[in-house]
Amino acid sequence: MTDPTATAAATQKLPFYQKGTFTVGNRLVSDGERSVQASIDRSNALTCGHRACQGCGEALGARYAMDAAMRATGGNLIAVNATGCLEVFTTPYPETSWQIPWLHSLFGNAAAVATGVAAAMRVKGRPEVRAIAQGGDGGTTDIGFGCLSGMFERNDDVLYICYDNEGYMNTGVQRSSATPPTARTATTPAIGPEPGNVFGTGKNLPKIAVAHGIPYVATATVADLHDLERKVMKAMGIHGARYIHIHVPCPLGWGSASHDTVRLARLAVESGLFPVFEAEYGIVTSSRKIRRPVPVAEYLKPQRRFAHLFKDAAGSQRLARLQAIADRNITEFKLLEPEEEAG
Amino acid sequence: MKHPFAVTLDSGSSLANLTGSWRTMRPVYVDRLPPCNHACPAGENIQAWLYHAESGDYESAWHVLTKDNPMPAVMGRVCYHPCEGACNRAQVDETVGINSVERFLGDEAIKRNWRFTPPEAESGKRVLVVGAGPSGLSAAYHLRRIGHGVAIHDAGPAAGGMMRFGIPKYRLPREVLDAEIKRILDLGVELKLNAKVDNILETMKAGRFNAAFLAVGAHIGKRSYIPAGSAAKVLDAVTLLRSMEGEDKPLLGRRVVVYGGGNTAIDAARTARRLGATEAIIVYRRTRDRMPAHDFEVEEALEEGIMMKWLSTIKRMDEGVLTVEKMQLDEKGFPQPTGEFETLEAESLVLALGQDVDLSLLDGVPGLQIKDGVVQIDANMMTGHTGIFAGGDMVPSERTVTVAVGHGKKAALHIDAWLCGAAHAPAEKHELASFDKLNSWYYADAPKTVRPMLEGVRRQNTFEEIQGGLDETNALYEARRCLSCGNCFECDNCYGVCPDNAVIKLGPGNRFRFNYDYCKGCALCATECPCGAIKMVPESI
């Protein structure tokens, strides 16, 4: 069997091909060099008929990640799901959209259950079966945070994937600790002197995960499939606690057009608001460089939850504070510096 | 069925839930018209042949190309490539070097001796083509491929028309032209040289032709009355360029003035320079931006040391001296005389003031209409006389090789339809794939490969070809810069970005299909399609 990490790295860079470098597939290269999603035989771990909204970023991100993990493990995979959109829209009893072994227990214990699954497989003498825990930002940054931190600090052999849509969406768009400042939610309405979510609150879970010193932490988006697949495959090539945080736009909660899901994810990265990076054992090792820089307004404007930023002078001031956050990310993660040579 | 404890229902798949019922807009795959194809006067399907070239299948690419245009090696050298002027890639970085890839394919075909597919069956009909220039050859080729018998009669000593007797060798080497003409003749096209047709109806009758295509070109150089002393040497550009094909090269002297502002003037001046003129000066009555000549040719001429004298008309020529009047542009941009004169030393004067058509073969043909010295034709390329069609420089047109080749193809299709007693109905044109239909994010930056140019200095006294060709590696690179505007290139984006797994991949060459049972109509596929090959249309609800 070929090394999945090396293959993933090969699909990452195809500079010879003027098109196909950023597209999902490329008819001009061999099957092995193409992305998992380009394959006619991909697992479709999350298949048709699920009840996610039109243009759901989370449904897309989950299939991208799980299909890549399925390829990396040769199909020896069990997924544990926290409560959240992903769980609700895929498994209205007795239907399921999952075409992989899949388990749901409680809102807050996905990391702990996955730890148990990994332990059980070890005990059964089947260590090749790997465990993934997944959840939304609510189940990860708020409700499941204790279990997750425990899984990190014990270095349990679990990959935890958080699909971050920046709020509690299926219960009616409430604020979570991943909701960005100024965003309007049902619990942070766009009224009063500080409309939307306030500045200076929330958690940056990727950085918290890095601080645990675990073997691998990465962020990704649904706008860069090659990067996302490479990271999932890399993570599955490592034992111990791993964490991937995937930015998934939510047309319902963000008030964006369903066809803009991938574009918004791309703009989140290109504006610097969502830094895409990798860290190993507590140290940031690489970041995905911005290709076509844009001001944050370009990312925020198509989302109705930020509409109040574009109404008056006070809105402009808050917009400038968001731009400052992006600028700080650009400096911190070196997002505009030239790509370092791989070595 | 026995269920485990606390389970009362079988677990089922969500495939039972047909989410396609949510849809108000439906994605459909479309083929839009790439701007290059739209702009090509020869009607080439450029995007389609580049698609084959991208995968290194040059022979298929050549076959697709030559379905429309039988002379890619000639085109790759003399075409003014309006395709590149329309190319959407210009808005990403630089246009795709379509012309250079076309030349590469043409040269490969000559090198590897690729042949045209002969007609499957003979129609039994015979068509007379008068003139073996680009439109005549093109018409003969298309008619022959359909299965008609074709004979070309040409007044000249060799086939090629203006490609041989008008375009200098440094732009079109004759062995390239000969090879592409031979391949057309090898299809079974009869060629009669030194056979000027004096009376078209008689010739058709004698040869039992069912139809005729006239493409005699415009070979008579226009003369403007310029008072000249008896010793003054005045000739026209067409004669000069034609005599380059003969044994005796014309003697022009060291200082040559060319009068005119078109491409022929540039060709004449550059030829004069190569014949040994130390000074070749183009005199033109307007300014550079108003010159009909293509700017890159003006640029190349300047690089070769050709001099330009703008806003001037020639009033008289005496031995060794020209009298020139200065002009100025009026508010409408027309040059007006100023009454200021100056003199210019010149041993000879070449007039490049346009060309006329020799229409003598049409004397006595009933129904023909001639206006402004050219033959009038209808939308089907037919003249006023039933069964006689015409194209190329002898009909109203922009006089370029590519337009002529396009005329030949179009006329052939109409002649075929006419012979079969039907009317040719051209395929409906697709919607244009303009830049706003594309998602340019998916195209990596890749600058155009610049073809090697011979040093300007070397060009001044040699008739060696001035522009080099691409080799296999950079031709492949150049072909792959194509954005495939409006036509699916199987990048798998729609298949990948569908959150509902509702795109079915049909395998290499077969593109994709929507699974409308589950497609919710989010339009992510259409938005993320790089080339604009997916369109959203309203559902009938």
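Residues numbered from 1 in each chain as written. Chains lettered and ligands numbered in written order. Predicted model: local features only at pLDDT ≥ 70, side-chain atom pairs only at ≥ 80, totals over all residues.

What chain B contains, in helices and strands, is 18 helices and 22 strands. Counting only C-alpha atoms and orienting by the principal axes, one finds that chain B spans roughly 120 × 55 × 50 Å. Nonlocal contacts in chain B, meaning residues at least 24 apart in sequence, comprise 72% of its contacts between residues at least 6 apart. (Helix = DSSP H or I, 4+ residues; strand = E, 2+ residues; numbered from the N terminus. Contact = placed C-beta atoms within 7 Å.)

Tallying secondary structure elements over chain A gives 12 helices and 9 strands in all. Here chain A has a C-alpha radius of gyration of 19 Å; the compact-globule value for 343 residues is 20 Å, and the two agree. Across its three principal axes, chain A shows a C-alpha extent of roughly 60 × 50 × 40 Å. Buried residues in chain A amount to 55% of all 343 residues. (Rg over C-alpha atoms; globule rule 2.2 N^0.38 Å. Buried ≥ 20, exposed ≤ 12 C-beta atoms within 10 Å, placed from the backbone.)

Glancing now at the sheet that holds strand β5 (residues 190–192) of chain B. All names here are of chain B. As summarised here, the arrangement of the 5 strands in space is β5-β4-β3-β6-β19, forming an open sheet in which the pairing is parallel. In this open sheet, the two strands that pair with only one neighbour each are β5 and β19 (388–390). Each strand axis lies, on average, 20 degrees off the axis of its neighbour in the sheet, ignoring direction. Pairing analysis gives 3 bridges linking strand β6 (residues 211–214) to β19, with the strands arranged parallel. Each bridged residue has a counterpart across the sheet, and for A212 the counterpart in β19 is I388. (Pairing = 2+ DSSP bridges. Axes fitted to C-alpha atoms, helices over the stretch in contact; angles between N-to-C directions.)

Let us look at the confidence of the model for chain B. Detailed reading of the predicted coordinates is not advisable wherever pLDDT falls low. For chain B, the average pLDDT comes to 92, and 97% of its residues sit at 70 or higher. Interface predicted TM-score (ipTM) for the complex: 0.92; the corresponding pTM is 0.89. (pLDDT = per-residue confidence, 0-100.)

Every contact between the two is made by 39 residues of chain A and, on the other side, 46 residues of chain B. When contributions to the side of chain A that touches chain B are tallied by element, the ones reaching two or more residues are α2 (57–73), β2 (95–96) and α10 (261–270) of chain A. Split by residue class, the side of chain A that touches chain B holds 14 nonpolar, 18 polar and 7 charged. In this sheet, strand β1 (residues 12–13) of chain B lies alongside β2 of chain A in parallel orientation, the contact comprising 2 bridges. Bridged to E95 of chain A within β1 of chain B is G12 of chain B. (Nonpolar A, V, L, I, M, F, W, Y, C, P; charged D, E, K, R; others polar.)

With that out of the way, let us pick up the confidence of the model for chain A. Per-chain confidence: chain A averages 93 in pLDDT, with 93% of residues scoring 70 or above. Here residues 7–17 of chain A scores under 50 on pLDDT; set against residues more than four positions off or in separate chains, the count is 23 contacts.

The next subject is the pairing of strand β12 (residues 312–318) of chain B. Residues and elements named next belong to chain B. Two strands pair when backbone bridges link them, and β12 and strand β13 (residues 321–329) are joined in this way by 6 bridges, in the antiparallel orientation. Paired with T313 across the two strands is E325, which belongs to β13. Following β12, the chain reverses through 2 residues before pairing antiparallel with β13; G320 in that reversal takes a positive phi of roughly 80 degrees.

A separate point is the nonpolar core. Core analysis: the largest hydrophobic core is formed by 246 residues, its most contacted members being A114 of chain A together with A212, V258 and V350 of chain B. With 10 residues, the top contributor of residues to this core is α2 of chain A. (Core = buried A, V, L, I, M, F, W, Y, C linked by C-beta atoms within 7 Å.)

What follows deals with the sheet that holds strand β10 (residues 279–283) of chain B. One key point about sheets: their strands pair by backbone hydrogen bonds, in either a parallel or an antiparallel sense. Residue and element names in this part refer to chain B. A sheet is described by the order of its strands in space; here 5 strands give the open sequence β8-β15-β9-β10-β11, paired in parallel fashion. Each end of this open sheet is capped by a strand with a single partner; those strands are β8 (233–236) and β11 (307–309). Neighbouring strand axes in the sheet, compared pairwise and without regard to direction, differ in orientation by 25 degrees on average. Here β8 pairs with strand β15 (residues 348–351) via 4 bridges, running parallel. In the sheet register, V234 faces β15, and the bridge partner there is L349.

Here we take up unusual backbone geometry. Of note, the bond from Y93 of chain A into P94 of chain A is cis; its omega dihedral lies within 30 degrees of zero at 10 degrees. Assignment of secondary structure puts P94 of chain A in the loop between α3 (85–90) and β2. At K334 of chain A, a position not held by glycine, the phi torsion is positive, near 55 degrees. Topologically, K334 of chain A is positioned in the segment after α12 (313–332). Backbone geometry at N113 of chain B places phi at a positive 60 degrees, although glycine is not the residue there. A tally of 8 C-beta atoms within 10 Å means that N113 of chain B is categorised as exposed.

Moving on to helix α9 (residues 174–185) of chain B. Residue and element names in this part refer to chain B. Helix length check: α9 (12 residues) gives 16 Å between terminal C-alpha atoms against 16 Å at 1.5 Å per residue, within 8%. When α9 is considered as a whole, its buried residues turn out to be V176, L177, E180, I181, R183 and I184. Looking straight down α9, one finds its buried side chains confined to an arc of 155 degrees; they lie on one side. Exposed and facing more than 90 degrees away from the buried side of α9 are E175 and K182. Elements that come into contact with the buried residues of α9 comprise α4 (72–78), α6 (98–112), α7 (134–146) and α8 (162–165). (Expected span 1.5 Å × (residues − 1). Arc of directions from axis to C-beta.)

Residues and elements named next belong to chain A. The contact between helix α4 (residues 110–123) and helix α6 (residues 145–153) brings their axes to 7 Å, and the two run at 40 degrees. Relative to α6, the element α4 is oriented oblique. Contacts between α4 and α6 involve A111, A112 and T115 on the former and, on the latter, C147, L148, G150 and M151. Taken together, the residues that form the contact of α4 with α6 break down as 5 nonpolar, 2 polar and no charged. (Parallel < 35°, antiparallel > 145°, perpendicular 65-115°, else oblique.)

Another point: the pairing of strand β3 (residues 126–130) of chain B. Residues and elements named next belong to chain B. Where burial is concerned, most of β3 is hidden: 4 out of the 5 residues are buried. In this structure, β3 lies alongside strand β4 (residues 149–153), joined through 5 bridges in parallel fashion. Within β4, the residue paired with V129 across the bridge is I152. For the crossover that starts at β3, traverses α7 and ends in the parallel β4, the hand is right-handed. (Right-handed = clockwise from strand over helix to strand, strands pointing away.)

When cut into domains, chain B gives domain 1 (14–31 + 488–538), domain 2 (35–114 + 438–479), domain 3 (126–219 + 357–419) and domain 4 (221–354). For domain 1 of chain B versus domain 3 of chain B, the separation of C-alpha centres amounts to 48 Å. (Domains from an automatic or database assignment.)

Bringing the packing of helix α3 (residues 58–66) of chain B against α6 of chain B into the picture now. Between two packed helices, what matters for the description is the angle formed by their axes and the separation of those axes. All names here are of chain B. Interaxial distance between α3 and α6 falls to 10 Å at its minimum, and their mutual angle equals 105 degrees. Classed by the angle they form, the pair α3 and α6 counts as roughly perpendicular. Seen from α3, the contacting residues are Y58, A61, W62 and L65; seen from α6, they are E102, L105, E108 and A109. Of the residues contributing to the contact of α3 with α6, the split by class is 6 nonpolar, no polar and 2 charged.

It is worth spelling out α6 of chain A at this point. Residues and elements named next belong to chain A. Three or more residues of α6 are buried, namely C147, L148, M151 and F152. For α6, the buried positions fall inside an angular range of 140 degrees around the axis, keeping them on one side. Facing away from the buried side of α6, by more than 90 degrees, are the exposed residues G146 and E153. In the segment just after α6, N155 is the residue with positive phi, at about 55 degrees.

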